[in-house]
Number of protein chains: 2
Amino acid sequence: MSRAQQKERTRKAIIEAAFSQLSADKSFASLSLREVAREAGIAPTSFYRHFADMDELGLTLVDEAGLMLRQLMRQARQRIEKNGSVISTSVETFMEFVTGNSNVFRLLLRERSGTSAAFRAAVAREIQHFSAELAHYLRKETACPDELAQLQAEAMVTLVFHTGADALDAPPDQFASLTNRTITQLRWMAHGAASYGRSKIVKA
Amino acid sequence: MSRAQQKERTRKAIIEAAFSQLSADKSFASLSLREVAREAGIAPTSFYRHFADMDELGLTLVDEAGLMLRQLMRQARQRIEKNGSVISTSVETFMEFVTGNSNVFRLLLRERSGTSAAFRAAVAREIQHFSAELAHYLRKETACPDELAQLQAEAMVTLVFHTGADALDAPPDQFASLTNRTITQLRWMAHGAASYGRSKIVKA
DNA sequence: ACATTGAGCTTACAGCTGTACGCCAATTTA
DNA sequence: TAAATTGGCGTACAGCTGTAAGCTCAATGT
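What you see is a predicted model; the values in this text were computed from it and never measured. (Residues numbered from 1 in each chain as written. Chains lettered and ligands numbered in written order. Predicted model: local features only at pLDDT ≥ 70, side-chain atom pairs only at ≥ 80, totals over all residues.)

Undergrad: Teacher, can you tell me more about the overall build of chain A here?
TA: Along its length, chain A carries eight helices and zero strands. Taking the principal axes of the C-alpha coordinates as reference, chain A spans close to 70 × 35 × 35 Å. Of the contacts formed within chain A by residues at least 6 apart in sequence, a portion of 60% connects residues at least 24 apart. (Helix = DSSP H or I, 4+ residues; strand = E, 2+ residues; numbered from the N terminus. Contact = placed C-beta atoms within 7 Å.)

Undergrad: Mind showing me how you'd approach the relation of the copies chain A and chain B here?
TA: For the pair of chain copies, the relating transformation is a rotation about an axis with a translation along it. Here chain A sits on chain B after a turn of 180 degrees about the axis and a move of 0.0 Å along it, with an RMSD of 0.0 Å. In the structure described here, the two chain copies are related by an operation that fits a two-fold rotation axis. The position closest to the rotation axis in chain A is occupied by the C-alpha of A:Gly192, lying 1.8 Å away. Most of the interface of chain A is mirrored in chain B: 100% of its interface residues are interface residues there too. (Least-squares fit on C-alpha atoms with pLDDT ≥ 70 in both.)

Undergrad: What's the story with the packing of helix H3 (residues 54-83) of chain A against helix H6 (residues 117-142) of chain A in this structure? I'm lost.
TA: When two helices pack together, their arrangement is captured by the angle between the axes and the distance separating the axes. Residue and element names in this part refer to chain A. Here H3 crosses H6 at 10 degrees, and the two axes come no closer than 9 Å. Between H3 and H6, the crossing angle belongs to the class labelled roughly parallel. Across the interface between the two elements, Gly58, Leu59, Val62, Gly66, Leu69, Met73 and Ile80 of H3 pack against Ala118, Phe119, Ala122, Val123, Glu126, Phe130, Glu133 and Tyr137 of H6. When grouped by side-chain class, the residues that make up the contact of H3 with H6 number eleven nonpolar, two polar and two charged. (Axes fitted to C-alpha atoms, helices over the stretch in contact; angles between N-to-C directions. Parallel < 35°, antiparallel > 145°, perpendicular 65-115°, else oblique. Nonpolar A, V, L, I, M, F, W, Y, C, P; charged D, E, K, R; others polar.)

Undergrad: Mind showing me how you'd approach the protein's contact with DNA strand D here?
TA: Close to DNA strand D lie 19 residues, the nearest being A:Ser2, A:Leu33, B:Thr10, B:Ile42 and B:Thr45. Where the surface near DNA strand D is concerned, the elements lending two or more residues are helix H2 (33-40) of chain A together with helix H1 (3-21) of chain B. Each residue belonging to the surface near DNA strand D can be placed in one class, and the counts come to five nonpolar, seven polar and seven charged. (Near = placed C-beta within 6 Å.)

Undergrad: Mind showing me how you'd approach the protein's contact with DNA strand C here?
TA: Close to DNA strand C lie 18 residues, the nearest being A:Thr10, A:Ala43, B:Ser2, B:Ser32 and B:Leu33. Of the residues contributing to the surface near DNA strand C, the split by class is five nonpolar, seven polar and six charged.

Undergrad: What should I look at first to understand the environment of B:Ala118 in this one?
TA: Looking at the element boundaries, B:Ala118 is found in helix H6 (residues 117-142). Considering only alpha carbons, one finds B:Ala118 and B:Lys7, 111 residues apart in sequence, at a separation of 26 Å.

Undergrad: Could you clarify how one ought to interpret helix H3 (residues 54-83) of chain B in this entry?
TA: An α-helical segment advances 3.6 residues per turn. Residues three or four places apart therefore align on the same side. All names here are of chain B. For H3, built from 30 residues, the straight-helix expectation of 44 Å at 1.5 Å per residue is met to within 8% by its first-to-last C-alpha distance of 43 Å. Packed against the buried residues of H3 are H1, helix H4 (86-100), helix H5 (102-111) and H6. Just past H3, the residue Gly84 takes up positive phi, approximately 105 degrees. (Expected span 1.5 Å × (residues − 1).)

Undergrad: Explain the nonpolar core to me, please; I cannot follow it from the model alone.
TA: Side chains that are nonpolar tend, in soluble globular proteins, to be buried together. Formed by 100 residues in total, the largest nonpolar core has its most connected members in A:Met156, A:Met189, B:Met156 and B:Met189. When residues no more than four places from it in sequence are discounted, the contact partners of B:Met156 are B:Leu134, B:Leu186 and B:Met189. (Core = buried A, V, L, I, M, F, W, Y, C linked by C-beta atoms within 7 Å. Buried ≥ 20, exposed ≤ 12 C-beta atoms within 10 Å, placed from the backbone.)

Undergrad: Looking at this model, I keep getting lost on H6(B). Mind explaining?
TA: An ideal rise of 1.5 Å per residue puts 38 Å on 26 residues; H6(B) measures up with 36 Å between its terminal C-alpha atoms. Looking at the buried residues of H6(B), the elements they touch are H3, H4, H5 and helix H7 (146-169) of chain B.

Undergrad: Teacher, can you tell me more about the domain arrangement of chain A here?
TA: A common way to state how big an interface is: give the accessible area lost once the parts meet. All names here are of chain A. Under the domain assignment used here, chain A contains domain 1 (1-51) and domain 2 (55-203). One C-alpha centre belongs to domain 1, the other to domain 2; they are set 30 Å apart. The interface of domain 1 with domain 2 comprises eleven residues on the first partner and 14 residues on the second. In terms of residue class, the side of domain 1 that touches domain 2 is made up of nine nonpolar, two polar and no charged. (Domains from an automatic or database assignment.)

So, in structure tokens, the structure goes:
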């Protein structure tokens, strides 16, 4: 095996080790370099051949998580084109992501309000992409001005994210209920934005 | 000074020390018993005379934060009775709380998705009180069924909390904009819940 | 063929952590 | 007044942490 290949392989092993150690009881902040190295099967000091410090690894994890979020969006896009309903499809797809990649979601959820400004910014950027994409669909569907669509999308993403967080602590038999409640909230949002926008235009 | 008084005093000192060490870069999880004891002016081992461990202190802090949230609600209630507008008054009052007690808000924000299930539950309980109170007002104002009011209130609280979190990283000159955006979102929510509820009844 | 590179290792150290143990001294109780 | 209680202290220890220094040795470059 080539040298570069091998290096990339252990780099992936480190990333994989870090992700696998995240859990409901263990955040990235509570991970130690030594723990990660142990899990990855390398000596503690070998860690430095790949990352300058844990922060650099953390940012890589957030990027990785962001990548998964994009894949999720692609998946949702396909479903929307088949299914038609933007809201329910988006929420359901997102909930599948949360339950299927709960540690990845937890990372985003926690670092969004974590102690590192760089982490917070990185997560915010990823979420921003997410809501921009949603705004795009809302614009297509409701033909409302860009700014309104963006504000609407941000609210929706906030609500969906929050529901995802709730799902992490809820028994699985409540997932359907959580999903439906959220769909209702988003529908209200869509209705409200549409009618309130119109009434504002009428008033003006 | 009586023994009990003195004990209560150092207990408060510990709590105060913990709160004062929280910041944008330091979460409760990254606080050490020794640091807190140092700040409180006692020996590390004396800490145990007041709390079994850091977790117990943490739960006390969350309770304390919850108390402040209740005070905030009382304040908002008074303002609403004078001012009249539930939504804008609530949002503005909340934003004042966030900027004036940012470390307290940060505690709630972070522990809401933290690594301790007990902490998460404690924070969820406090927020639940908050949204129940808001639901009460929504019911009075829009005369909608309890369940709808509750769901609506939860969405609103979610949105307001999220804006509070954003405010922590935003320059102060954007607070007004953040506040207004949120107010718009909540108005949409209220409009949507009202009209969608009606249309559902009409359909049935 | 030889020199260079670099991923990974071992060893080592200083600094921090939580907390067990036992003492002191002042308040409280009997 | 004597005894008991208890908040606070100092000492001590084991366990963890990040990381510096230097070695090995296989892949790479010339």
